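Next come the chains, spelled out residue by residue.
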Amino acid sequence: MKTVATKKTKKSLESIDSRLQLVTKSGKYMLGYKQTLKMIRQGKAKLVILTNNCPALRKSEVEYYAMLAKTGVHHCNGNNTELGAACRKYYRVCTLAVIKPGDSDRSVPKQTGEK
Amino acid sequence: MGKFMELRKVVLVLAGRHSGSKAIIVKNIEYGTSDHPYSHALVNGIDCYPSKVIAAMGKKKIAKRSKIKSFVKVYNYSHLMSTRYSVDSPLDKTVVNKDLFRDPALKHKVRHEAKKLRF
């Protein structure tokens with residue numbers, strides 16, 4: 001189970017940002033709590049990203065679902081405004097599910113650990 | 001990356017009259033049907049939980065308070081909260097299917113089947 005809750009520095013946020021860029025351009029992803037839960041339930045989500053200001057109840061619920069589905073959860077260092085900006089959207093998003101990683105390497109937590 | 005809405009999983013009902021009840025998935029339909037075009041599950045849950053029982057009560061009273069009433073219902077996956085627990089008792093699949101909703105006698109039979117599962 002790849003539930004990761006590590007401390008991230010500003011630098012790491014940028015690397016997530018670059019990876020997210022690849023996913024948004026070449027892969028498939030779902031923004032928002034309801035849709036990520038749907039994707040987790042269907043087993044399509046490869047990675048779930050939660051922001052640091054995601055409400056605690058929602059965070060634990062998504063983590064539980066991801067634990068059942070054996071999907072990785074990544075707690076990113078930014079808040080929902082930053083995650084929305086990272087996806088090139090003009091709105092806030094606190095939950096994101098990556099369905100097809102596209103060109104980026106899907107294991108985001110591992111990669112940033114290596115760096 | 002794995003589907004977890006499976007047979008015999010214990011599940012919490014989140015919506016409707018039975019919200020907060022525990023239920024068991026009896027049949028899950030992943031991709032929907034014509035009358036339910038979404039992922040849904042046929043679920044068998046506890047309608048009336050057994051009441052609290054203490055040693056000072058007589059046998060008749062205990063028997064009465066230990067009764068469980070069950071319900072059978074179809075729920076959208078988003079109205080169910082799956083847990084990591086499951087129940088490993090045999091389910092009579094021939095009896096429990098979607099047709100039961102059309103025939104009240106069948107429904108009664110299914111509820112009886114379901115009650116057996118509890119014990």
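Chain B is annotated in an unreviewed UniProt entry as 60S ribosomal protein L27 of Nannospalax galili. In its Sequence similarities (unreviewed entry) section, the UniProt entry covering chain B states "Belongs to the eukaryotic ribosomal protein eL27 family."

As recorded by an unreviewed UniProt entry, chain A carries the name Large ribosomal subunit protein eL30 and is attributed to Nannospalax galili. Comment text from UniProt for chain A, heading Sequence similarities (unreviewed entry), reads "Belongs to the eukaryotic ribosomal protein eL30 family."

**Brief notes about the overall build of chain B**
For chain B, the count of helices and strands is 2 helices and 5 strands. If you list the helices and strands of chain B from N to C, you get β-β-β-α-β-β-α. Per-residue burial over chain B gives 36% buried out of 119 residues. Across chain B, contacts joining residues at least 24 apart in sequence account for 62% of those joining residues at least 6 apart.

**What to know about the confidence of the model for chain A**
Residues and elements named next belong to chain A. A residue-level look at chain A finds 77% of positions with pLDDT of 70 or above and a mean pLDDT of 80. Looking across chain A, the model is least confident in helix α5 (residues 108-114), with a mean pLDDT of 40, and most confident in helix α3 (residues 56-69), with 93. Per-residue pLDDT stays below 50 along residues 5-11; that stretch engages in 5 contacts with residues further than four places along the chain or on separate chains. In this model, residues 109-115 is a region of pLDDT below 50 whose contacts with residues beyond four sequence positions or in other chains number 7 contacts.

**Regarding the sheet that holds strand β5 (residues 80-86) of chain B**
Across a sheet, strands are paired by hydrogen bonds formed along the backbone, either parallel or antiparallel in direction. Residues and elements named next belong to chain B. Taken in spatial order, the 5 strands line up as β4-β3-β2-β1-β5 in an open sheet, and their pairing is antiparallel. Each end of this open sheet is capped by a strand with a single partner; those strands are β4 (69-76) and β5. Averaged over all neighbouring strand pairs, the angle between strand axes comes to 40°, with direction disregarded. By the bridge criterion, 3 bridges tie strand β1 (residues 9-13) to strand β2 (residues 22-29) in an arrangement that is antiparallel. Directly across from Val10, in β2, lies its bridge partner Ile24.

**Describing the nonpolar core**
The biggest cluster of nonpolar side chains holds 29 residues, and the ones touching the most others in it are Ile40 and Val48 of chain A together with Phe4, Val43 and Leu80 of chain B. Per element, the largest residue contribution to this core is 5 residues, and it comes from α3 of chain A. Filtering out sequence-adjacent residues up to four positions away, Leu80 of chain B remains in contact with Tyr65 of chain A together with Met5, Val11, Leu12, Val13, Leu14, Ala41, Val43 and Tyr75 of chain B. Core analysis: the next-biggest nonpolar cluster, separate from the first, contains 13 residues, Leu31, Cys76, Leu83 and Ala86 of chain A among them.

**A look at the side chain of Glu61 of chain A**
When you line up the elements, Glu61 of chain A lands in helix α3. The residues touching Glu61 of chain A, leaving out its near neighbours within four places in the chain, are Tyr33 and Leu37 of chain A together with Met81 of chain B.

**With respect to the packing of helix α2 (residues 33-42) of chain A against α3 of chain A**
Residues and elements named next belong to chain A. Running from N to C, α2 and α3 cross one another at 15°; their axes reach a closest spacing of 9 Å. Viewed along their axes, α2 and α3 adopt a mutual orientation that is roughly parallel. Of the two elements, α2 crosses α3, and the hand of that crossing is left-handed. Every residue of α3 that contacts α2 at Tyr33, Leu37, Ile40 and Arg41 is listed here: Arg58, Glu61, Val62, Tyr65, Ala66 and Ala69. Of the residues in the contact of α2 with α3, the class split is 7 nonpolar, no polar and 3 charged.

**Things to note about the pattern of salt bridges**
Residues and elements named next belong to chain B. Counted by the stated rule, this structure contains 1 salt bridge over all chains. Among the ionic pairs, Asp47 bridges to Lys69, the shortest N-O distance being 3.6 Å. Placement of the pair is Asp47 in strand β3 (residues 40-48) and Lys69 in strand β4, with a sequence separation of 22 residues.

**Details of unusual backbone geometry**
What is expected of a backbone is that most residues other than glycine have negative phi and most peptide bonds are trans. Residue and element names in this part refer to chain A. One non-glycine residue, Lys70, adopts positive backbone phi at about 60°. On the secondary structure map, Lys70 appears in the loop between α3 and β4 (72-75). Residue class for Lys70 comes out exposed when judged on its relative accessible area of 57%. The backbone of Arg88 shows a phi angle near 60°, a positive value even though the residue is not glycine.

**Let's talk about the packing of aromatic side chains**
One pass over the structure, following the stated rule, counts 0 aromatic pairs over all chains. For Arg58 of chain A, the ring lying beneath its charged end belongs to Tyr33 of chain A, and the centroid distance is 4.4 Å. Above the face of the Tyr75 of chain B ring, Lys73 of chain B is positioned so that its terminal group lies 5.7 Å from the ring centre.

Scoring rules and cut-offs
- Residues numbered from 1 in each chain as written.
- Chains lettered and ligands numbered in written order.
- Predicted model: local features only at pLDDT ≥ 70, side-chain atom pairs only at ≥ 80, totals over all residues.
- Heavy atoms only, no water.
- UniProt positions renumbered as here; feature names shortened; annotations may be inferred.
- Helix = DSSP H or I, 4+ residues; strand = E, 2+ residues; numbered from the N terminus.
- Buried < 20%, exposed > 50% of the residue type's maximum accessible area, 1.4 Å probe, protein only.
- Contact = heavy atoms within 4.5 Å.
- pLDDT = per-residue confidence, 0-100.
- Pairing = 2+ DSSP bridges.
- Axes fitted to C-alpha atoms, helices over the stretch in contact; angles between N-to-C directions.
- Core = buried A, V, L, I, M, F, W, Y, C linked by side-chain atoms within 4.5 Å.
- Parallel < 35°, antiparallel > 145°, perpendicular 65-115°, else oblique.
- Left-handed = near helix turned anticlockwise from the far one by under 90°.
- Nonpolar A, V, L, I, M, F, W, Y, C, P; charged D, E, K, R; others polar.
- Salt bridge = Lys/Arg side-chain N within 4 Å of Asp/Glu carboxyl O.
- Phe/Tyr/Trp six-rings, centres within 6.5 Å; stacked < 30°, edge-to-face > 60°.
- Lys NZ or Arg CZ within 6 Å of the ring centre and 35° of its normal.

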